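If you want the building blocks of each chain, they are given just below.
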Amino acid sequence: MTTIEVTNVVKRFEAFEALKGISVTLEQKRVGVVGSNGSGKSTFARLLNGLLLPTQGSVMIDGLDTAKAGKAIRRKVAFVFQNPDNQIVFPVVEEDVAFGLKGLKLPKAERDALVETVLSRYGLDQCRDQPAHTLSGGQKQLLAIAGALIMDPSCVVFDEPTTLLDLRNTRMITGVIRDLEQSVVVVAHDLTLLEDFDRILVFEDGRIVVDDEPSAALTRYVERMQ
Ligand SMILES: Nc1ncnc2c1ncn2[C@@H]1O[C@H](COP(=O)(O)OP(=O)(O)O)[C@@H](O)[C@H]1O
Ligand SMILES: [Mg+2]
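Residues numbered from 1 in each chain as written. Chains lettered and ligands numbered in written order. Predicted model: local features only at pLDDT ≥ 70, side-chain atom pairs only at ≥ 80, totals over all residues. Heavy atoms only, no water.

A. Representation of helix α4 (residues 108-121) within the structure. If you check α4, its first and last C-alpha atoms are 20 Å apart, about what 14 residues at 1.5 Å a residue would give, namely 20 Å. Residues of α4 that are buried: V115, V118 and L119. Each buried residue of α4 lies within a common arc of 100 degrees when the element is viewed along its axis, so the set occupies one face. Exposed side chains of α4 directed beyond 90 degrees from the buried face belong to A109 and T117. Buried residues in α4 make contact with α3 (93-97) and α5 (137-149). Just past α4, the residue G123 takes up positive phi, approximately 65 degrees. (Helix = DSSP H or I, 4+ residues; strand = E, 2+ residues; numbered from the N terminus. Expected span 1.5 Å × (residues − 1). Buried < 20%, exposed > 50% of the residue type's maximum accessible area, 1.4 Å probe, protein only. Arc of directions from axis to C-beta. Contact = heavy atoms within 4.5 Å.)

Structural data, given as structure tokens:
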């Protein structure tokens, strides 16, 4: 299990304060993050694997500071974006899924075995030679997840992984996230994705305003939205 310690984090973009002093320690297997548009959810998510660094304060992953150990952190904590098109970097499925392995200099047989395992796990082995842009939305999101998992992270951060998907693919991706052995932090609009999570953080205007188990947190969130 991954321990994420966020201490007095302020994140500014020029003069704008997107996060206004966040302190939270996450040790649960599944943590959900909700809040209205612009409340700071994506900014928070991106701080967790060093995609963004805090303006003030610190983010520590299992004792490693994201500001000092970026490379090690990104192997520990994977990130899956809302729009898989932003994550697909190589034209062909098989190359794309192996992208993260490039820097590791693995023997070819080992690399191929990892690619094979992760592609067949998500039913993408049939499409391995297919151009990635010809996959369906759900398959693209699976490809993004496969590319994240091939690095064997201990935690995966998802930023609204189902927002662009239809109901069937939303259910499919929800199931995939539920079955992960890694700890997950999931930013979601779709609250049904989070109902059996261990803990929910509600963001409002750059702050965490509710931090509770799902039924209490989601009730209070819905009340605040009215
Ligand atoms: N790179 C950036 N430059 C300037 N402002 C940003 C940047 N990223 C986010 N913001 C602003 O920070 C606030 C929080 O954004 P974000 O974390 O994306 O919110 P959410 O994911 O909850 O919708 C928004 O007002 C947004 O416009
Ligand atoms: Mg967002």
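Still more to cover.
B. The arrangement of the sheet that holds strand β6 (residues 77-80) in detail. In space, the six strands of this open sheet follow the order β6-β7-β8-β3-β9-β10, with mixed pairing throughout. Each end of this open sheet is capped by a strand with a single partner; those strands are β6 and β10 (207-212). In this sheet, adjacent strand axes meet at a mean angle of 20 degrees when their direction is disregarded. Looking at chain direction, strand β3 (residues 30-35) and strand β8 (residues 183-187) are connected through four bridges and run parallel. Of the residues in β8, the one forming a bridge with G32 is V186. In the packing of α5 onto the sheet, the strands contacted are β6 and β7 (155-159), and the crossing angle to β6 comes to about 170 degrees. (Pairing = 2+ DSSP bridges. Axes fitted to C-alpha atoms, helices over the stretch in contact; angles between N-to-C directions.)

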